[in-house]
Amino acid sequence: MKVDVLLGLQWGDEGKGKIVDVLTPEYNVISRFQGGANAGHTLEFNNSKHVLHLIPSGIFHENTINLIGNGVVLDPAIFKQEIDDLKKFNFDATQRLSIAKKANLIIPTHKILDAAKEQAKGKDKIGSTLKGIGPAYTDKVSRNALRIGDILESNFMEKYEKLKNIHLNTLTLYDFDFDITELEAKFFEGIELIKTFNLIDIEHTVNNYLKDKKTKILAEGAQGTMLDIDFGSYPFVTSSNTVCAGACTGMGIAPSKIGEVKGIFKAYCTRVGSGPFPTELFDADGQKLRDVGHEYGSTTGRPRRCGWLDLVALKYSVMINGVTELIMTKADVLDSFETIKVAVAYKIDGKQVDFFPYDICGSVEPIYKEFKGWNCDLTKMKSENELPAELLEYIAYIEKETEVPVKIVSVGPDREATIIR
Ligand code: GDP
Ligand code: IMO
Ligand code: MG
């Protein structure tokens, strides 16, 4: 068996949570491999809506094992909040969820540092979710971090105080007021809760599953390829490798063990936070996408920036991830558009550019191809043969350009509003 990977091909919020939940019955294990509570993955079923930040989106399925990989940066306070929220649903998450001992901890001062650094950046701010992601990965790479495994050691408090003091020292460089008391209380409550979970060496766990040839594993990406620390629109990115390679380092599996790579994209584009976005719309169409698509951040509630599908960026993401199957979400949001546009190239300094360039921070003008809208309600459709010809033409064009088949079309937020092709 190999590990299939599902990941975002745009700037996040492509609908990963929904689709992982839909696909979970095909898998025995769902594993997060990077990011932290900057993620907000929405699942809707049985008239209820759930937003998960750290917990994998397979958690609602009884027989599924959920893993938090070593590549994740875990905030114990948010983790406890999520587990408490799940208690309402009458199942014991400790039986369904295991956490990698090598995952890194987000401590209260990481979040304070995140906020202080963003404030100091002024108009150049990244638009971070302020969950402490950047500072936590900084400590990981600079070899100062605390890991989940450390909470079991007798010198954990000593290590915690040492790291906290490094952060407090750094904070004296910023003009930033903060109060750590409540944050710390919630952090330590979270730490106690984490101790009740199965803490694992995920690299052994996952490779043993791979050997038994019966266990099917799906790795659940967070954020999106255009937010990747290496390949995204740097510096307006997150601090982890959101691309397929991140699943290898974030769970301890070899590249040869990757199976299908399921790349998910919206039928248009959104972005939350700062940074370049070539197809962004500032007109009535942009507002309509936001209104119809309810484009407000699942983690921060911020309005998402909206624009047309960017095929230049999408092709780049398909290449970087080795995508083998595409999943298109939110097709229904385009139901009432007369004309739908897709960026097929960029114009930069008067020259046409067909590939994703080093830098899109300057003036990038999209060159659009227009498609006729389908002008009908997709949300009740259940099968491929109900789909309108105009939508099929739109999909066929994307498949031709990316050279990857679109295997799933999502036509609404609910689990049921999913067409498998
Ligand atoms: P994720 O971070 O990739 O899991 O995506 P989010 O949950 O942050 O954002 C996706 C939003 O779109 C959520 O509110 C979903 O409920 C919703 N959604 C997912 N798929 C569809 C779809 O096909 N149509 C519509 N209208 N909404 C969808
Ligand atoms: P999911 O998994 C959309 C964005 C932030 C900001 C930048 C850096 O729900 O798709 P960070 O908090 O990591 O320092 O923020 O990345 N960002 C996301 N945008 N969806 C996400 O996750 C995101 N996680 C981070 O808005 O621009
Ligand atoms: Mg999201």
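For clarity, every value in this text was computed on a predicted model and none was experimentally measured. (Residues numbered from 1 in each chain as written. Chains lettered and ligands numbered in written order. Predicted model: local features only at pLDDT ≥ 70, side-chain atom pairs only at ≥ 80, totals over all residues. Heavy atoms only, no water.)

Quick look at the layout of surface pockets
Looking at the largest pocket, its volume works out to about 780 Å³. In this structure, the largest pocket is lined by 40 residues; those nearest its centre are Ile126, Ser128, Val237, Thr238 and Ser239. For the lining of the largest pocket, the secondary-structure elements that each account for two or more residues are helix H3 (108–121) and helix H4 (133–141). Of the residues that constitute the lining of the largest pocket, the class distribution is 14 nonpolar, 18 polar and eight charged. Each pocket or cavity is described by its volume, and for the second largest pocket that value is around 590 Å³. Taken together, 27 residues line the second largest pocket, and the ones lying closest to its centre are Thr42, Glu44, Gly293, Lys330 and Pro413. Elements with a minimum of two residues in the lining of the second largest pocket: helix H1 (16–23), strand S3 (41–45) and strand S4 (48–52). (1 Å grid on protein atoms, 1.4 Å probe; cavity = no way out; pocket = protein on both sides within 12 Å on 5 of 7 lines; lining within 4 Å. Points joined across faces, edges and corners; volume = space filled by probe spheres on them. Helix = DSSP H or I, 4+ residues; strand = E, 2+ residues; numbered from the N terminus. Nonpolar A, V, L, I, M, F, W, Y, C, P; charged D, E, K, R; others polar.)

Side note on the nonpolar core
In this structure, Phe79, Met328, Leu334 and Tyr394 are the most contacted members of the largest nonpolar core, which totals 92 residues. If you tally residues by element for this core, the top one is helix H11 (residues 389–402), at five residues. Among all residues touching Tyr394, those that are not within four sequence positions of it are Ala267, Leu309, Met328, Leu334, Ile340, Val342, Phe371 and Trp374. Counting residues in each nonpolar core, the second largest holds 14 residues, with Trp11, Met226, Phe277 and Ala313 among its members. (Core = buried A, V, L, I, M, F, W, Y, C linked by side-chain atoms within 4.5 Å. Buried < 20%, exposed > 50% of the residue type's maximum accessible area, 1.4 Å probe, protein only. Contact = heavy atoms within 4.5 Å.)

Describing the side chain of Asn321
Tracing the chain through its elements places Asn321 in helix H10 (residues 311–321). With relative accessibility at 3%, the residue Asn321 sits in the buried group. Only 2.9 Å separates the side chain of Asn321 from the backbone oxygen of Ser317, close enough to count as a polar contact. Residue contacts for Asn321: discarding those within four places in its chain leaves Leu7, Leu9, Thr225, Val243, Cys244 and Val261. (Polar contact = N/O pair within 3.5 Å; in protein donor to acceptor, adjacent residues only side chain to side chain.)

What about the packing of aromatic side chains?
In this structure the tally under the stated criterion is 14 aromatic pairs. Ring geometry for Phe60 and Phe91: centres 6.2 Å apart, planes at 80 degrees, overall edge-to-face. Of this pair, Phe60 sits in the loop between S4 and strand S5 (65–68) while Phe91 sits in the loop between helix H2 (76–87) and strand S7 (97–100); the two residues are 31 residues apart in sequence, bridging distant segments of the chain. Assigned by exposure class, Phe60 and Phe91 land together as buried. With 6.4 Å between their ring centres and 65 degrees between their planes, Tyr346 and Phe356 make a pair best called edge-to-face. (Phe/Tyr/Trp six-rings, centres within 6.5 Å; stacked < 30°, edge-to-face > 60°.)

Some words on the site of ligand 1
The immediate surroundings of ligand 1 are formed by 20 residues, with Lys16, Thr42, Ser298, Asp332 and Ser410 found nearest. Lys16 places a polar main-chain atom, nitrogen or oxygen, 2.7 Å from an oxygen atom of ligand 1. Gly17 has a polar backbone atom sitting 2.9 Å from an oxygen atom of ligand 1. Taking 580 Å² as the accessible area of ligand 1 by itself, protein coverage stands at 94%. When atoms are counted within 2 Å of each cavity's grid points, the one that captures over half of ligand 1 is the second largest pocket. At the level of secondary structure, the elements contributing two or more residues to the shell around ligand 1 comprise H1 and S3. By residue class, the composition of the shell around ligand 1 is three nonpolar, nine polar and eight charged. (Near = heavy atom within 4 Å. Areas by Shrake-Rupley, 256 points an atom, 1.4 Å probe, with all protein chains shown as cover. Sits in = over half its atoms within 2 Å of the grid points.)

As for the pairing of strand S2 (residues 29–32)
Sheet faces and side chains relate simply in a regular strand, where the side chains alternate between the two faces. By the alternation rule, side chains of S2 split into Val29 and Ser31 and Ile30 and Arg32, which are all buried. The pairing of S2 with S5 spans four bridges and is classified as parallel. Following the sheet pairing, Ile30 is matched in S5 by Asn66. Here S2 pairs with strand S10 (residues 217–220) via four bridges, running parallel. The residue of S10 that forms the bridge with Arg32 is Glu220. (Pairing = 2+ DSSP bridges.)

Notes on the coordination of the magnesium ion (ligand 3)
Distances from the magnesium ion (ligand 3) to its protein donors, namely Asp13 (OD) and Gly40 (O), fall within the range 2.0 to 2.2 Å. In this pair, Asp13 is assigned in the loop between strand S1 (3–8) and H1 and Gly40 in the loop between S2 and S3, connecting sequence segments 27 residues apart. (Donors = N, O, S within 2.8 Å, 3.2 Å for Na, K, Ca; no water.)

Here's the deal with the pairing of S3
Along S3, the buried face is formed by His41, Leu43 and Phe45; none of Thr42 and Glu44, which line the opposite face, is buried. Between S3 and the antiparallel strand that follows it, S4, lie two residues; Asn46 among them carries a positive phi value of about 45 degrees.

Some thoughts on the side chain of His41
Looking at the secondary structure, you find His41 in strand S3. Reaching out from His41, the side chain makes a polar contact with the side chain of Glu220 at a distance of 2.7 Å. Setting aside residues up to four positions removed in sequence, His41 forms contacts with Lys16, Gly17, Arg32, His50, Val51, Leu52, Ser57, Glu220, Gly221 and Ala222.

Thoughts on the pattern of salt bridges
With the rule as written, the count across this model stands at 25 salt bridges. Among the ionic pairs, Lys16 bridges to Glu14, the shortest N-O distance being 2.8 Å. For the pair Lys16 and Glu14, a shared accessibility class is recorded, and that class is buried. Where Arg304 meets Glu295, a salt bridge forms, and the shortest distance between an N and an O atom there is 2.7 Å. No difference in accessibility class separates Arg304 from Glu295, as the two residues are buried. Here the salt bridges do not stand alone but share partners, grouping Asp13, Lys266, Glu295, Arg304 and Lys330 into one network. (Salt bridge = Lys/Arg side-chain N within 4 Å of Asp/Glu carboxyl O.)

Section: H11
In this model H11 runs 20 Å from its N-terminal to its C-terminal C-alpha over 14 residues, within 8% of the 20 Å that 1.5 Å per residue would give. In the stretch just after H11, Glu403 is the one whose phi turns positive, near 60 degrees. (Expected span 1.5 Å × (residues − 1).)

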